[in-house]
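Descriptive analysis of the structure
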Amino acid sequence: MGQIFELIADQALETLDSYYTECHICERENLDLYTYQGKYVMKNGEIDDDLYALCEECIKNKGVSHICDFQYIKTIEGYLESENLGENEKEILKQQLTDKYQKTPDIPIFLQYTDRPLCCKDITEFKGYPQDNPDLYQKTDSFIYWEKKTIASTPEAYNFKNTGPPESLREVATFHCKHCNKNYFTFQF
Ligand SMILES: [Zn+2]
Ligand SMILES: [Zn+2]
C-alpha cells in the first residue's frame, strides 16, 4: 500500500516536472506536485475546473474531483452491482470508493478513460508499468485483464508475445489487490 496515496505504490508514484512550480489550489511552491485534472469549489462558491498540478494536501483535503469522474463512478457502480450486496452496503461502498478515487492523482495516465481494477470490494493499487518486454510478457500472461470489469480470458490481440509489444510500455498498467493478492493489468493505446 502506498504511503502517500493508498492506491499508488510509492515506487510507481510520479511527481510533475519542474515546469509546474506551484500547486493550483494553495499556490505553495517547492513541494511535490502530482497530475490531477480536476475541479473544486472555491471559497467564493465558484467552481475552478482548470486544475492540473496539485500537492498531496490539496488532493486529500480540498474536496477536489476528477474532470470526467462520472465515467469511473459508473465502473464502480457496475462492479458493486455484480457483487450481490444489500442496497445499504452498496451505497456505503459506492461513497467510500468514490471518495478514495477522488483523493488519488491521475497516475497512471489512462489514455482513454480511468479504469482502476476493482477487487474484494475495494480499488486495487497501481504498481507501475512493465519494465521491459520480458516483464511485459510475463505480467500480461499471468495477470488478470481488466476493462471496466474482469475479463476472464485476455483477448488474443493482447497476447503481446505473439502480437509484439505495444508502442509504449506505459500503455499497460499493472495493479495489485492487497486483500487477495490478485494482480491485474489494463491496456489502453
Ligand atoms: Zn496545494
Ligand atoms: Zn482481491
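**Description of the domain arrangement of the chain**
Interface extent is often summarised as the accessible area lost during association of the parts. Partitioning the chain into structural domains gives domain 1 (10-107) and domain 2 (122-187). A C-alpha centroid distance of 23 Å is found between domain 1 and domain 2. Counting from both sides, the interface comprises 9 residues of domain 1 and, opposite them, 6 residues of domain 2. If you list the elements that add at least two residues to the side of domain 1 that touches domain 2, you get helix 2 (69-81) and helix 3 (87-102).

**Thoughts on the sheet that holds strand 2 (residues 47-55)**
Read from one edge of the open sheet, 3 strands run 2-1-3, paired in antiparallel fashion. Lying at the two open borders of the sheet, with one neighbouring strand each, are strand 2 and strand 3 (65-66). Judged from the 6 bridges that link them, strand 1 (residues 33-41) and strand 2 form a sheet pairing that is antiparallel. Each bridged residue has a counterpart across the sheet, and for Tyr40 the counterpart in strand 2 is Asp48.

**Section: the packing of helix 2 against helix 3**
Where helix 2 meets helix 3, the closest approach of the two axes is 10 Å, and the angle between their N-to-C directions is 145°. The hand of the helix 2/helix 3 crossing is right-handed. Two secondary-structure elements touch here, helix 2 through Asp69, Tyr72, Ile73, Ile76, Glu77 and Leu80 and helix 3 through Lys90, Leu93, Lys94, Leu97, Thr98, Tyr101 and Gln102. A class-by-class count of the residues in the contact of helix 2 with helix 3 yields 7 nonpolar, 2 polar and 4 charged.

**Brief notes about the environment of Tyr36**
The residue Tyr36 is located in strand 1 in this model. Residues Tyr36 and His66, spaced 30 residues apart in sequence, show a C-alpha to C-alpha distance of 7.2 Å.

**Details of unusual backbone geometry**
The omega angle of the peptide bond from Ile107 to Pro108 is 0°, so this bond is cis rather than trans. Here Pro108 shows up in the loop between helix 3 and strand 4 (118-119). The phi angle at Glu27 is positive, at roughly 60°, despite the residue not being glycine. Its location among the elements puts Glu27 in the segment before strand 1. Overall, Glu27 belongs to the exposed group, with 10 C-beta atoms counted inside 10 Å.

Conventions used here
- Residues numbered from 1 in each chain as written.
- Chains lettered and ligands numbered in written order.
- Predicted model: local features only at pLDDT ≥ 70, side-chain atom pairs only at ≥ 80, totals over all residues.
- Domains from an automatic or database assignment.
- Contact = placed C-beta atoms within 7 Å.
- Helix = DSSP H or I, 4+ residues; strand = E, 2+ residues; numbered from the N terminus.
- Pairing = 2+ DSSP bridges.
- Axes fitted to C-alpha atoms, helices over the stretch in contact; angles between N-to-C directions.
- Left-handed = near helix turned anticlockwise from the far one by under 90°.
- Nonpolar A, V, L, I, M, F, W, Y, C, P; charged D, E, K, R; others polar.
- Buried ≥ 20, exposed ≤ 12 C-beta atoms within 10 Å, placed from the backbone.

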